[in-house]
Amino acid sequence: LDGVMQAKIDVHGAGANPRAIMSSLRGVVDAQIQDGEIRNVNIARMIRNLGASIISGWQLNNSEKTDLSELSAFFHLEGGRASTDNLRLLGPLVRVTGRGSADVSRKTLNFRFDPKLVLSIEGQGGATDPLGFGVPIVAEGTWGQPRFYPDMAGILDNPEAAYSRLNSLGAGLF
């Protein structure tokens, strides 16, 4: 992540070594990053390339990025595990909401994101909840090598609506 961060952090832990301290962390973190980017991943491209990526998942690419105007989340920490249900990303071409957790001592994550492409050039000035087609994404694994892949169960929850929405957008999107 790169950008301007504002955060309120009220976290404490105790232990005989750094790993024990991280495993005991508890408290809250309220963070917001503005005017930046998420490096190594292009969320809008992931959605556009859905068909080619379903089997293998998406891989990180050092030349990719997702521009963001705002990324915010409120995390509750307990036992070294940070959980949120209100992650929100606003970018010029994409809106993302998410929930999940990260284990601080093990440096692992398990998140589910609901990205939506913005179908206008309004960018940051556009709607917070765009009408674009969204494909749920799961991110899990280690912090250094997370795996991203479409959440097929999320798509299959209402396949008629997903297919109808895809048809209404037209083939030009994909």
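Refer to the preceding data block for the structure.
Residues numbered from 1 in each chain as written. Predicted model: local features only at pLDDT ≥ 70, side-chain atom pairs only at ≥ 80, totals over all residues. Heavy atoms only, no water.

A. Structural detail: the overall build of the chain. Within the chain one finds five helices and eight strands. Looking at the 174 residues of the chain, the share that counts as buried comes to 40%. Contacts in the chain between residues at least 24 apart in sequence constitute 54% of all its contacts with a sequence separation of at least 6. Element-wise, carbon and sulfur atoms account for 53% of the exposed surface of the chain, whose accessible area totals about 10100 Å². (Helix = DSSP H or I, 4+ residues; strand = E, 2+ residues; numbered from the N terminus. Buried < 20%, exposed > 50% of the residue type's maximum accessible area, 1.4 Å probe, protein only. Contact = heavy atoms within 4.5 Å. Areas by Shrake-Rupley, 256 points an atom, 1.4 Å probe, with all protein chains shown as cover.)

B. Representation of the environment of R106 within the structure. By the secondary structure assignment, R106 is in the loop between β5 (94-103) and β6 (108-117). For R106, a relative accessible area of 60% corresponds to the exposed category. As for R106 and S23, which are separated by 83 residues in sequence, their C-alpha atoms are 8.4 Å apart.

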